[in-house]
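Tertiary structure, described
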Amino acid sequence: MSKPRVIKNYDKLDDELLEQIKLNYPNGFERNLIRFTDVNGKIASALPFETPEKYYLIRMTKSEAQLIIEDDDDYDDDGILTDEAREEYGDKYDDEIEEADIDLDELAEDDESDEEEER
């Protein structure tokens, strides 16, 4: 059984969901936007976000994503979630959201060693 898909505008989201989204995207939204075809057959862009109950597409353009982060006090001047916000929201939702902690260099090393083992 698949999760219901919900398309919403950013300004229509409740505070709890917004806080979880910020934790999931601590470096801003712009680089994470995806394109999809809406019910009218038009191409739109959105920020994907998944909860245990639903899969959200939060409708926004690249320029809207930039403005949202610029106007949000939870993000610093570089568009990074502040330590204070990260700590506050992390304490609230630590069981619900788990940010990926992946070292790309480490993955590359693992891939190389796996290839060597296969030979």
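Please read these numbers as outputs of a predicted model, since none were measured by experiment.

The next subject is the environment of glutamine 20. Its location among the elements puts glutamine 20 in helix α1 (residues 15-24). Classification of glutamine 20 by relative accessible area gives buried; the value is 6%. Placed 72 residues apart in sequence, glutamine 20 and lysine 92 show a C-alpha to C-alpha distance of 9.1 Å.

This paragraph deals with α1. Judged by how many residues are buried, α1 sits mostly within the fold: seven of ten residues are covered. On the buried face of α1, the contacting elements are β3 (43-50), β4 (55-59) and α3 (83-93). Where α1 begins, the capping side chain belongs to aspartate 14, and its oxygen is found 3.2 Å from the backbone nitrogen of glutamate 16.

The next thing to look at is the confidence of the model for the protein. In the predicted model, the protein carries a mean pLDDT of 83, and 77% of its residues have values of at least 70. Across the protein, the secondary-structure element scoring lowest on mean pLDDT is helix α4 (residues 104-118), at 45, and the one scoring highest is helix α2 (residues 62-71), at 96. Counted against residues more than four places away or in other chains, residues 96-102, with its pLDDT under 50, gives nine contacts. Long-range and interchain partners of residues 107-119, a stretch whose pLDDT sits below 50, account for one contact in this model, where long-range means more than four residues apart.

So, about the side chain of serine 45. Inspection of the secondary structure assignment puts serine 45 in strand β3. Among the polar contacts made by the side chain of serine 45, one reaches the main-chain carbonyl oxygen of methionine 60 at a distance of 2.5 Å. Those residues in contact with serine 45, other than ones at most four positions away along the chain, are Ile34, Arg35, Phe36, Ile58, Arg59, Met60 and Thr61.

Let us look at the pairing of strand β2 (residues 34-37). Pairing of β2 with β3 involves four bridges; the strand directions are antiparallel. Bridging across to β3, isoleucine 34 finds its partner in alanine 46. Once β2 ends, the chain turns through five residues before running back antiparallel as β3, passing glycine 41 with a positive phi of about 80°.

Below, the discussion takes up the packing of aromatic side chains. Two aromatic rings, taken as a pair, are described by how far apart their centres are and by the angle between their planes. All told, the structure shown has three aromatic pairs when counted by the stated rule. Centroid distance tyrosine 10 to phenylalanine 29: 5.7 Å. Interplanar angle 55°. Geometry classified as tilted. Here phenylalanine 29 lies in the loop between α1 and β2 and tyrosine 10 lies in the loop between β1 (5-9) and α1, a separation of 19 residues in the sequence. By relative accessible area, which is 1% here, phenylalanine 29 ends up buried. Ring geometry for tyrosine 25 and phenylalanine 29: centres 6.2 Å apart, planes at 90°, overall edge-to-face. For the pair tyrosine 25 and phenylalanine 29, one class covers both residues: buried. Through a chain of ring-to-ring contacts, the aromatic side chains of Tyr10, Tyr25, Phe29 and Tyr75 assemble into a single cluster.

Analysis parameters
Along every chain, residues carry numbers that run from 1 in the direction the sequence is written. Selection of residues for local features in this predicted model requires a pLDDT of at least 70, selection of side-chain atom pairs for listing and counting requires 80 or more, and totals for whole chains, interfaces and linings are taken over all residues. Side-chain numbers come from the whole structure's heavy atoms, not from hydrogens or water. Think of it this way: any DSSP run of H or I at least four residues long counts as a helix, any run of E at least two long counts as a strand, and we number them from the N terminus. Burial classes: relative accessible area under 20% of the type maximum marks a residue as buried, over 50% as exposed, and values in between as partly exposed (1.4 Å probe, protein chains only). By definition, residues are in contact when any of their heavy atoms lie within 4.5 Å. N or O atoms closer than or at 3.5 Å make up a polar contact, with two conditions inside protein: a donor-capable atom paired with an acceptor-capable one, and, for residues adjacent in sequence, both atoms drawn from side chains. For every residue, the predictor assigns a confidence score, pLDDT, that lies between 0 and 100. Strands are treated as partners if at least two bridges between them are detected by DSSP. Stacked, tilted and edge-to-face are the three classes applied to pairs of Phe, Tyr and Trp rings, where Trp contributes its six-membered ring and a pair requires centres within 6.5 Å; stacked means planes under 30 degrees apart, edge-to-face means over 60, and tilted covers the rest.

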